[in-house]
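Results of the structural survey
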Amino acid sequence: MDIAVVQQPLQRLSGLLAPELQEVDSLIRSRMTSENAPRIPDITQHLMDAGGKKLRPILTLASAALFNYSGYDHIRLAATVEFIHTATLLHDDVVDESKQRRGRPTSNLLWDNKSAVLVGDFLFARSFQLMTETNDLEVLSLLADASATIAEGEILQLTASQDITTTESVYLTITRGKTAALFSAAAKVGGIISQADEAALSALFTYGDALGIAFQIADDLLDYTGKDDTTGKNSGDDFREGKMTLPIIKAVSQATEPELAFWQRTISHNQQQAGDLDEALRLMKKYDTLASTRAEALTWAERACDAIETLPECEIRDLLYDLAGYIVNRAK
């Protein structure tokens, strides 16, 4: 289907699901407390106060709403996926040695790496406590598998970092692991607790998978096209960290010998100097890799929309359509 530019469908979804999101926030705050280790709520609160989009819990609440779920498990599971996501952010910032997230200093910078890693571990443990409270083995299996897949994706990205032989196929595997796995699980669990049929569950999973891939590609594109005050990080951070994201992979695959030498110096050997980011952007422009990367993100967004065409027609489903287009168009 053709994807149009739609203003802020995420805000509209948040408005429709506002009562449930308030319950999710309340549950998160109650479960991130610790009588014995006050640093846990301090670090968690710092990250949550930065104002994340809560996209993953919204997917869980929206998929449950599609099938008129009545109960409390969607609240538990929405909090679960947010805990998993927050834990991965804490770990990512340590691995990437990041100093800024969502426009604020990272937890590892304000406290230390050890605290950030251990609080991330605590949040993972809390997520498993929450998911077991649903007493649903299918839910537990899905989210446990997603957690393992996320870790695999992050490790694969670590091994691919600074490796200019990284292919688009490897990039897709990394993206499907570190990002899309939680999107697809978040969407599907809402259907599971709603007792949706297998076709609907498959549609939700496919939607989340494609949406997650579109989201990550757009996010990687924003690193080169976004403004620092809107992305909450410094433009070109992926280049400086030697991350082989899609715009660079596409440029390297078409590089001449002198250009390949440039990529080897700046990415493989991490020997960067003034003007290298501008040169990298020039090469991306030469081979039109930013435009082709955006085109791929749009293709995945279209696949997400196609996946849910058979789901119940309602405002929630329409907003999930719009969300796919919005995610990509933020990277224009």
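One can find the structure itself at the top, above this paragraph.
Let me sum up the structure you'll find in this document. Since we're looking at a predicted model, the values are computed, not measured. (Residues numbered from 1 in each chain as written. Predicted model: local features only at pLDDT ≥ 70, side-chain atom pairs only at ≥ 80, totals over all residues. Heavy atoms only, no water.)

What about helix α7 (residues 113–132)?
The condition is simple: Numbering of helices and strands runs from the N terminus; a helix is a DSSP stretch of H or I covering at least four residues, while a strand is a stretch of E covering at least two. Take the number of residues in a helix, subtract one, and multiply by 1.5 Å to get its expected span. Only protein chains enter the accessibility calculation, which uses a 1.4 Å probe. A residue is then buried if its area is under 20% of the maximum for its type, exposed if over 50%, and partly exposed in between.
Look at α7: 29 Å from first C-alpha to last across 20 residues, which is about the 28 Å you get at 1.5 Å a residue. Along α7, the positions that sit buried rather than exposed are Ser115, Ala116, Val119, Gly120, Phe122, Leu123, Phe124, Arg126, Ser127, Leu130 and Met131.

Digging into the environment of threonine 88
In plain terms, the rule: We call two residues contacting when some pair of their heavy atoms lies within 4.5 Å.
You can see threonine 88 is positioned in helix α5 (residues 73–95). Overall, the relative accessible area of 11% leaves threonine 88 in the buried class. Sequence separation between threonine 88 and alanine 151 is 63 residues; the distance between their C-alpha atoms is 8.6 Å. Ignoring anything within four residues of it in the chain, the contact list for threonine 88 reads Phe124 and Ile150.

Describing the nonpolar core
Generally speaking, a soluble globular protein has its nonpolar side chains buried in company with each other. For the record, the criterion: Here, the term nonpolar core denotes a set of buried Ala, Val, Leu, Ile, Met, Phe, Trp, Tyr and Cys residues that are joined through side-chain atoms within 4.5 Å.
Membership of the largest hydrophobic core comes to 95 residues, with the highest contact counts inside it found for Tyr207, Leu211, Ile248, Trp263, Leu320 and Leu323. The greatest single-element share of this core, amounting to 12 residues, is contributed by helix α10 (residues 198–225). Not counting the four nearest positions on each side in its chain, isoleucine 248 is found in contact with Tyr224, Phe239, Lys243, Trp263, Ile267 and Met284.

Some points on unusual backbone geometry
In the Ramachandran plot, asparagine 135 falls in the positive-phi region, its phi being about 55 degrees despite a non-glycine side chain. With respect to the helices and strands, asparagine 135 occurs in the loop between α7 and α8 (137–160). Overall, the relative accessible area of 74% leaves asparagine 135 in the exposed class. Phi at glutamine 162 takes a positive value of approximately 70 degrees, unusual for a residue other than glycine.

Quick notes on the side chain of arginine 317
How we decide: For the purpose of counting charges, residues Lys and Arg are taken to be positive, whereas Asp and Glu are taken to be negative. His and the chain ends are not included. Within this document, salt bridges are pairs made up of a side-chain nitrogen of Lys or Arg and a carboxyl oxygen of Asp or Glu, the two lying within 4 Å of each other.
Here arginine 317 is to be found in helix α17 (residues 315–329). Comment: no salt bridge for buried arginine 317; closest opposite-charge side chain is aspartate 318, at 4.3 Å. Not counting chain neighbours up to four residues away, the residues in contact with arginine 317 comprise Leu66, Ile308, Glu309, Thr310, Leu311 and Pro312.

Examining the packing of aromatic side chains
Applicable threshold: Aromatic contacts are taken between Phe, Tyr and Trp rings whose centres are within 6.5 Å, Trp giving its six-membered ring; a plane angle under 30 degrees counts as stacked, one over 60 as edge-to-face, and the others as tilted. Here, a charge over a ring means that NZ of Lys or CZ of Arg falls within 6 Å of the ring centre while also lying within 35 degrees of the ring normal.
On inspection of all chains with the given rule, the structure shows 3 aromatic pairs. Taking 5.4 Å as the distance between ring centres and 40 degrees as the angle between the ring planes, the aromatic pair formed by phenylalanine 183 and phenylalanine 215 counts as tilted. A residue pair is termed long-range when its members are at least 10 positions apart, and phenylalanine 183 in helix α9 (residues 168–193) and phenylalanine 215 in helix α10 qualify at 32 residues. Aromatic pair phenylalanine 262 and tryptophan 263: ring centres 5.1 Å apart, planes at 70 degrees, arrangement edge-to-face. Aromatic rings pair up to connect Phe239, Phe262 and Trp263 into one cluster. Here the basic side chain of arginine 56 rests over the ring of phenylalanine 215, its NZ or CZ set 5.7 Å away from the ring centre. Its guanidinium or amino end placed over the ring of tryptophan 300, arginine 303 lies 4.2 Å from that ring's centre, counting from NZ or CZ.

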